[in-house]
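Overview (structure and organization)
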Amino acid sequence: MQRRKNGAVPTVPRATRPAVIAVAHELRRLRTERGLSLRQLATRTGISPSRMSALETGHLGPDPITVAFLLGAIGMQLTTLEKLVPLAARADEPDFLDPTGHDERMLRTGFENLATEVFEWSPMLFPTALRSAGYSHAIRESGMPHPDTATRDLVPASARVSLADSPETRYTFLLGEAATRPDACPPDVLCDQIEEVAAVSKMLRISISLVPASFCPTGLVEPFTLYENHDGPFGVAVPHHRGVAYLTNKASVSDYATTATWLRSGVAAPSWP
């Protein structure tokens, strides 16, 4: 890990801390869904448009009181406050463990919208973002423990892989060879899933490739998602059986970026059947 001259460990920039990313994105989304401009919300709250913009870009820390005040001015229900205010209270944390999965949608969407490239390694199953309804149903029926939340399972693949606001965001999915075997679903469901993924792989912003077991045996590298922007990798999401851990500390991000580069070097040719 790099250190400053005085020996201190560099802090994670505020705008790329997990809770800041999630809250900033949600504030902007909720405001725009209500049809409010920054100036209109500024008039309602007395908060300057420049400060409001800084909150929505993550350059100003989202303290819980301000977030609650803004949500009230926007007209959001109590359930929204109960989700975002505790998130805002964790704005200083460089890593965010979501043990329940309740915050996963906000975190994932916020990271995707901040990224110019999203890299996902899925060694044993098709990535959630690419799963058909039939495949998702088969996974649930199998009783296999997995970190997916119900809100993600049945969303059409075409919608899931277009979450980022920027049309320039690229998605790279690497699948382990085990994902193409009918261990978690019937052969006909797997066949339909593979056909759907093959169709999605033709989209310009999406790359889907296989890594053979001879290069990376099952269990060697756990699943993860790496997020990059113009400054390089800035975050990684690591799923576990109950939720997802979002990491932005430089050492972890660097390690996973190195692993992603190694996995890319093992892609089989052709990239997709």
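Higher on the page you've got the structure.
One structure accompanies this document, and this report is about it. From a predicted model like this one, the values you see are computed outputs, not experimental measurements. (Residues numbered from 1 in each chain as written. Predicted model: local features only at pLDDT ≥ 70, side-chain atom pairs only at ≥ 80, totals over all residues. Heavy atoms only, no water.)

All right, on to the sheet that holds strand E3 (residues 170–176) then. Pairing in this open sheet of 7 strands is mixed, and the strands run E1-E7-E6-E5-E2-E3-E4 from one edge to the other. With one partner strand each, in any of the chains shown, strand E1 (95–98) and strand E4 (206–211) form the two edges of the open sheet. Between one strand and the next, the sheet's axes are offset by a mean angle of 15°, whatever the strand orientation. Bridge analysis of strand E5 (residues 224–229) against strand E6 (residues 232–239) gives 5 bridges, and the strand direction is antiparallel. Among the inter-strand pairings, asparagine 229 is bridged to a residue of E6, identified as glycine 232. (Pairing = 2+ DSSP bridges. Helix = DSSP H or I, 4+ residues; strand = E, 2+ residues; numbered from the N terminus. Axes fitted to C-alpha atoms, helices over the stretch in contact; angles between N-to-C directions.)

Further remarks concern the environment of arginine 34. Position of arginine 34 relative to the elements: it lies in the loop between helix H1 (18–33) and helix H2 (38–45). Residue classification places arginine 34 among the partly exposed positions, given a relative accessible area of 45%. When the C-alpha positions of arginine 34 and isoleucine 74 are compared, they lie 7.3 Å apart, and in sequence the two are 40 residues distant. (Buried < 20%, exposed > 50% of the residue type's maximum accessible area, 1.4 Å probe, protein only.)

Here the structure, examined in full by the defined rule, presents 1 cavity of 30 Å³ or more. Estimated volume of the largest cavity: approximately 40 Å³. Grouping the constituent residues of the lining of the largest cavity by class yields 6 nonpolar, 3 polar and 1 charged. (1 Å grid on protein atoms, 1.4 Å probe; cavity = no way out; pocket = protein on both sides within 12 Å on 5 of 7 lines; lining within 4 Å. Points joined across faces, edges and corners; volume = space filled by probe spheres on them. Nonpolar A, V, L, I, M, F, W, Y, C, P; charged D, E, K, R; others polar.)

Turning to the nonpolar core, a few remarks are in order. The biggest cluster of nonpolar side chains holds 53 residues, and the ones touching the most others in it are Leu71, Leu84, Leu87, Phe173, Ile208, Tyr227 and Tyr246. By residue number, the principal contributor to this core is H1, which donates 6 residues. Excluding residues within four positions of it along the chain, tyrosine 246 makes contact with Pro18, Pro94, Asp95, Phe96, Glu104, Leu107, Arg108, Phe111, Tyr227, Val236 and Ala237. Judged by nonpolar contacts, the second largest core, of 17 residues, contains Phe119, Leu174, Phe224 and Leu263. (Core = buried A, V, L, I, M, F, W, Y, C linked by side-chain atoms within 4.5 Å. Contact = heavy atoms within 4.5 Å.)

In this section: the packing of H2 against helix H3 (residues 49–57). When two helices pack together, their arrangement is given by the angle between their axes and by how far apart the axes lie. The contact between H2 and H3 brings their axes to 9 Å, and the two run at 110°. By the angle between their directions, the pair H2 and H3 is classed as roughly perpendicular. Relative to H3, the crossing made by H2 is right-handed. Listed contacts from H3 to Leu38, Arg39, Leu41, Ala42 and Thr45 of H2 are Pro49, Met52, Ser53 and Glu56. Here the residues of the contact of H2 with H3 sort into 5 nonpolar, 2 polar and 2 charged. (Parallel < 35°, antiparallel > 145°, perpendicular 65-115°, else oblique. Left-handed = near helix turned anticlockwise from the far one by under 90°.)

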